[in-house]
Amino acid sequence: MSDCIKNCKLCDKMILSQAITFTGGNLVVDLPARAYENRTKYCIVFAQTIPTTATINAPVVFTINGGTTQYPFVNKDCTPIYASQVRTRRIYPSRVNTAVNTAGVFKYVGDCCLPSNATTVATSIPAETTPTPTTR
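Note that the structure is predicted; figures quoted are calculated from it, not measured. (Residues numbered from 1 in each chain as written. Predicted model: local features only at pLDDT ≥ 70, side-chain atom pairs only at ≥ 80, totals over all residues. Heavy atoms only, no water.)

## Looking at the sheet that holds strand 7 (residues 91–97)
Part 1 of the reasoning: Spatial strand order, 1-4-7-8-6-5-3-2: eight strands in an open sheet with mixed pairing. Strand pairing shows two members of the sheet lacking a second neighbour, strand 1 (14–16) and strand 2 (19–23), which therefore form its edges. Recorded for the sheet is a direction-independent mean angle of 35 degrees between the axes of neighbouring strands.
Part 2 of the reasoning: Looking at chain direction, strand 1 and strand 4 (residues 41–45) are connected through three bridges and run parallel. Paired with Leu-16 across the two strands is Val-45, which belongs to strand 4. (Pairing = 2+ DSSP bridges. Helix = DSSP H or I, 4+ residues; strand = E, 2+ residues; numbered from the N terminus. Axes fitted to C-alpha atoms, helices over the stretch in contact; angles between N-to-C directions.)

## A look at unusual backbone geometry
For residues that are not glycine, phi is negative in most cases, and the peptide bond is trans in most cases.
Part 1 of the reasoning: Non-glycine residue Cys-78 carries a positive phi angle of around 70 degrees.
Part 2 of the reasoning: Summarising the element assignment, Cys-78 is placed in the loop between strand 6 (71–74) and strand 7.
Part 3 of the reasoning: One non-glycine residue, Arg-89, lies in the positive phi region at around 55 degrees.
Part 4 of the reasoning: Mapped onto the secondary structure, Arg-89 falls in the loop between strand 6 and strand 7.
Part 5 of the reasoning: On the accessibility criterion, Arg-89 (57% relative accessible area) is exposed. (Buried < 20%, exposed > 50% of the residue type's maximum accessible area, 1.4 Å probe, protein only.)

## Considering the packing of aromatic side chains
Part 1 of the reasoning: Taken as a whole and judged by the stated rule, the model has ten aromatic pairs.
Part 2 of the reasoning: The interplanar angle of 75 degrees and the centroid separation of 6.3 Å between the aromatic rings of Tyr-71 and Phe-106 together place this pair among those described as edge-to-face. Of the two residues, Tyr-71 sits in strand 6 while Phe-106 sits in strand 8 (residues 105–108), which places them 35 residues apart along the sequence. For the pair Tyr-71 and Phe-106, one class covers both residues: buried.
Part 3 of the reasoning: An aromatic cluster of at least three residues, connected via ring pairs, comprises Tyr-36, Tyr-42, Phe-46, Phe-62, Tyr-71, Phe-73, Tyr-92, Phe-106 and Tyr-108.
Part 4 of the reasoning: The positively charged end of Arg-34 is found above the aromatic ring belonging to Tyr-36, 5.8 Å away from the centroid. (Phe/Tyr/Trp six-rings, centres within 6.5 Å; stacked < 30°, edge-to-face > 60°. Lys NZ or Arg CZ within 6 Å of the ring centre and 35° of its normal.)

Structure (structure tokens):
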């Protein structure tokens, strides 16, 4: 049985943001206080206007009830979601994953990845160097 009710306006998993700010280079979306359970789906609505000062490259993060811990918002392919990818008054189906990161992440689980026009630096994970064995 699915844990998602198709009529979100009656569902207790529909979450309206309390505030949206641009702070420390991040688009910070504050969610109401509650327990966000691992592997549970929530339909998050960005209820406030996105600040005009936010840059398109600003990663979207969530805080809970004005707290300082920031939980990244990631795409279904695990790439970060940026301010250029989100809109106000839209529903973003997301699933909480507490096994990732030290605190957890909110993972977008919509039909397709959110498109991005943010410019990010493409870097590679450096190859490990193998120490040269010493001979005696």
